[in-house]
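Structural overview for review
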Amino acid sequence: MENPGNLVIVIFGASGDLASRKLIPAIFSLKRQNLMPEKYAILGVGRTKITSEEFRAKMSDSIVSFSEEEVTDKDLISGFVKDLHYHSMDNVSENGYSEMKSCLREIENNYNIGGNYIFYMATPPSMYEVIAVNLAKAGLSKQDSGFRRVIIEKPFGYDLDSGRNLNRTLHELISEDQIFRIDHYLGKETVQNLLVTRFANGMFEPLWNRNYIHRVEITSAESIGVEERGGYYDSSGALRDMVQNHLLQMVGLTAMEPPSSLDADAIRNEVLKVFQSLQPIKEEDVPKQVIRGQYTGSFIRGECITGYRYEKGVSVTSRTETYVAMKFYINNWRWGGVPFYIRTGKRLPTRVTEIVVHFKQTPHHLFQREAGKLTANQLIIRIQPDEGILLKFDMKEPGAGFNLKNVNMDFHYKDLANIRIPSAYERLLHDVMLGDSTLFSRDDEVETAWKFLSPIQWAWATNPGIKVFGYPAGTWGPEHANELIEGDDLTWRYPCKNLADEELYCEL
Ligand code: BG6
């Protein structure tokens, strides 16, 4: 794999959780795989007043605690952290940036690196514009002596207007190709594998349309609650936190037309076309097409689980959704009339993300099915955990007559020798260093996704009659979500942590 050119990575919000849990362990892992540039340095920037030495010690502990692979080699860690530096400043203070600039120049000279910078905004979103403006004022975003790239984390705004405003402000300061909007789902190997499954195998494409597919179901379930993020989450909710970005991106990759090449814009243009073809949900149809829920307290395996409203940072009268399920259509020739069902929630029975493609039944039922059930083929693309692909189809049970049994044909990533699946942040950081924006959300994608969700946000905000259903923590969400699925006897798939298992109640 290619090594990026020499550079400095500046992490704003370096004393926060994202830097210590994800970013530094990911960069460490890239270094271990020899994927970092020959010469590089990392400058942590934060309000906390600590020295570079203290920052190195803190990050050494993070590497041990949060690396996906066990790290025991202390020399390896100390060899890595010597290239970490820290600068304490307030992101809103203009003067801080000229001091930071001198600090960067000094690093550049000491390492003989040249002027390539990546600025990672691992800060609250309210800081993005402030930092971008100050970087521009300090002359740090102009690409005269090297590239200047800015990474931002979601949320990219809170609705269509704020998303547009954020894009507008950033575009006044830097160009779109300098902006890398992280949707960490796009960094997941198995999400990228969707492209390979669909476009490297000739057998799926002829079936991948309204003629053969009955419905598509995408689930992203989490067993954890809001943990320490109640304050943020209560003003966000599942629609903004998961649907606007991760779930819609998975819809885009599942439904897109084959791109003309693997070029960043070729792929993103096709995803954008899917977003533009999403059939708008009318405000009056929101209660019929979108179900929201909120977890309530319960006991899971003897442990008392706090209800959402009693989590730290959450209002006791909160109506924020911790669960969303919705049904919608894509208005184009490939998908016209095929329902897409997506759902996501916290405190569901297990952590699982998967895409289920339900094929249509055979036009004529020749054989008797198991207990009189009509089954149809399903292709399940498991994003996490037990990453893999499962095809479900009918076989004859040995013996007299023609009794059918629905069986599984499964492939598990873990069977691909001992290849480690790299973390999403490793992949995405490496791509930014190489300047490859394929796996990052583009401005128009973000705005079109917000536009699709606007009527839902508006209906929820203005119509208190639209219910927020409670569901006990550890269950599959509000029962009303089942009513979304068109067709008698059809339900959501209830996945278990093992790809091949499916049960309403299964091992956690
Ligand atoms: C984040 C959301 O983007 O994705 C979190 O803000 C959520 O609320 C997380 O927990 C889920 O990511 P993953 O990779 O664990 O599925």
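Everything here concerns the structure above.
These notes cover the structure that comes with them. (Residues numbered from 1 in each chain as written. Predicted model: local features only at pLDDT ≥ 70, side-chain atom pairs only at ≥ 80, totals over all residues. Heavy atoms only, no water.)

1. A closer look at empty space enclosed by the protein
- Applying the stated criterion across every chain yields a total of three cavities of 30 Å³ or more.
- Roughly 100 Å³ of volume is contained in the largest cavity.
- Surrounding the largest cavity, 13 residues form its lining, Leu186, Leu253, Ile267, Thr438 and Leu439 being those nearest its centre.
- Of all the secondary-structure elements, those providing two or more residues to the lining of the largest cavity are α7 (189-199), α9 (238-255) and α10 (264-277).
- Considered class by class, the residues forming the lining of the largest cavity number eight nonpolar, three polar and two charged.
- Roughly 60 Å³ of internal volume is contained in the second largest cavity.
- Considering the residues around the second largest cavity, the lining is formed by Phe156, Asp183, Gln244, Asn245, Gln249, Phe275, Ser441, Glu445, Val446 and Ala449.
- Those elements giving two or more residues to the lining of the second largest cavity turn out to be α9 and α13 (443-462). (1 Å grid on protein atoms, 1.4 Å probe; cavity = no way out; pocket = protein on both sides within 12 Å on 5 of 7 lines; lining within 4 Å. Points joined across faces, edges and corners; volume = space filled by probe spheres on them. Helix = DSSP H or I, 4+ residues; strand = E, 2+ residues; numbered from the N terminus. Nonpolar A, V, L, I, M, F, W, Y, C, P; charged D, E, K, R; others polar.)

2. Describing the side chain of His358
- Checked against the element boundaries, His358 lands in strand β13 (residues 352-359).
- Discounting residues that sit within four places of it in the chain, His358 has contacts with Ile213, His214, Arg215, Glu217, Asn377 and Gln378. (Contact = heavy atoms within 4.5 Å.)

3. Considering the site of the ligand
- Surveying the vicinity of the ligand reveals the residues Lys154, His184, Tyr185, Lys188, Glu222, Arg229, Asp241, Met242, His246, Lys346, Arg351 and Gln384.
- Here an oxygen atom of the ligand sits 2.7 Å away from a polar atom, N or O, in the side chain of Lys154.
- At 2.9 Å, a side-chain N or O of Lys346 approaches an oxygen atom of the ligand.
- Per element, the largest residue contribution to the shell around the ligand is three residues, and it comes from α9.
- Among the residues making up the shell around the ligand, the classes are represented as two nonpolar, three polar and seven charged. (Near = heavy atom within 4 Å. Polar contact = N/O pair within 3.5 Å; in protein donor to acceptor, adjacent residues only side chain to side chain.)

4. Description of the pairing of strand β4 (residues 117-121)
- Along β4, five of the five residues are buried, which leaves the element largely enclosed by surrounding structure.
- Burial along β4 is two-sided: Tyr117, Phe119 and Met121 facing one way and Ile118 and Tyr120 facing the other are all buried.
- Both strand β1 (residues 7-12) and β4 contribute to a ladder of five bridges, which runs parallel. Bridge assignment links Ile11 to a residue of β4, and that residue is Tyr120.
- Of the pairings in the sheet, the one linking β4 to strand β5 (residues 148-153) comprises five bridges and is parallel in character. Pairing of Met121 across the sheet is with Ile152, part of β5.
- Crossover handedness for the path β4 to helix α5 (residues 128-137) to β5: right-handed. (Buried < 20%, exposed > 50% of the residue type's maximum accessible area, 1.4 Å probe, protein only. Pairing = 2+ DSSP bridges. Right-handed = clockwise from strand over helix to strand, strands pointing away.)

5. Looking at the sheet that holds strand β14 (residues 378-384)
- Spatial strand order, β16-β15-β14-β13-β7-β12-β11-β8-β18: nine strands in an open sheet with mixed pairing. A single partner strand is all that each edge strand has here, and the edge strands are β16 (404-412) and β18 (468-472). Here the strands of the sheet are splayed against their neighbours by 20 degrees on average, with no regard to which way each runs.
- Pairing of strand β8 (residues 290-296) with β18, which is carried by five bridges, proceeds in the parallel orientation. (Axes fitted to C-alpha atoms, helices over the stretch in contact; angles between N-to-C directions.)

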